[in-house]
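For reference, the chains in residue letters:
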Amino acid sequence: MDVPAKVEEQLRSRMKARALRRCDDAVRRYVECTKHRTLSVIWACRNPLNDMNACLHQHTTEQELQKLKTWWVEQGRPGFLHLDADTRIEKE
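The shown structure was predicted, so the numbers you read here are calculated from the model rather than taken from an experiment.

**Comments concerning the pattern of salt bridges**
- Applying the stated criterion across every chain, the model contains 8 salt bridges.
- A salt bridge links K69 to E8; its shortest N-O distance comes to 3.5 Å. Placement of the pair is K69 in helix α5 (residues 62-74) and E8 in helix α1 (residues 5-22), with a sequence separation of 61 residues.
- E8 gets classed as partly exposed once you look at its relative accessible area, which sits at 21%.

**With respect to the side chain of E64**
- Locating E64 in the fold gives a position in helix α5.
- Each residue touching E64, except ones within four places of it in the same chain, is listed here: M15, R18, R22, Q58 and H59.

**Concerning the state of the cysteines**
- In total, this model carries 2 disulfides according to the counting rule given.
- Through a disulfide, C23 is tied to C55; the S-S separation comes to 2.0 Å. On the S-S bond that ties C23 to C55, the torsion sits near -90°, and the link is left-handed. Of the two residues, C23 is situated in the loop between α1 and α2 (24-34) and C55 in helix α4 (residues 46-58); the sequence distance between them amounts to 32 residues. Accessibility classification places C23 together with C55 in one group, the buried group.
- The disulfide that involves C33 links it to C45, with 2.0 Å between the sulfurs. Taking the sign of the S-S torsion, -95° for the link of C33 and C45, the bridge is left-handed. With a gap of 12 residues between them, C33 in helix α2 and C45 in the loop between α3 (41-44) and α4 connect regions that are remote in the sequence. One exposure class covers both C33 and C45, and it is buried.
- Within the chain, bonded cysteines paired by disulfides and numbered along the sequence follow the pattern 1-4, 2-3.

Definitions and cut-offs
- Residues numbered from 1 in each chain as written.
- Predicted model: local features only at pLDDT ≥ 70, side-chain atom pairs only at ≥ 80, totals over all residues.
- Heavy atoms only, no water.
- Salt bridge = Lys/Arg side-chain N within 4 Å of Asp/Glu carboxyl O.
- Helix = DSSP H or I, 4+ residues; strand = E, 2+ residues; numbered from the N terminus.
- Buried < 20%, exposed > 50% of the residue type's maximum accessible area, 1.4 Å probe, protein only.
- Contact = heavy atoms within 4.5 Å.
- Disulfide = S-S within 2.5 Å.

Next up, the structure:
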């Protein structure tokens, strides 16, 4: 589905924000692991990092972007994407 480049950029940003919200626990575990570490973060936090990346990857696929594009078209191609619309998308 073709959408204007500017809209696609906004939809990608929305998708990334949604992924961060959906992966909040994994992100927190990684951040907590990295606190007070320097070089040891590389091996000490490998599993939390892999978990976080796996979760983020799961929610930032082309399929997820297509869902957002479809939603945008179904909304009548609004010129400005309202932030409160995220709640409606989250339920899908």
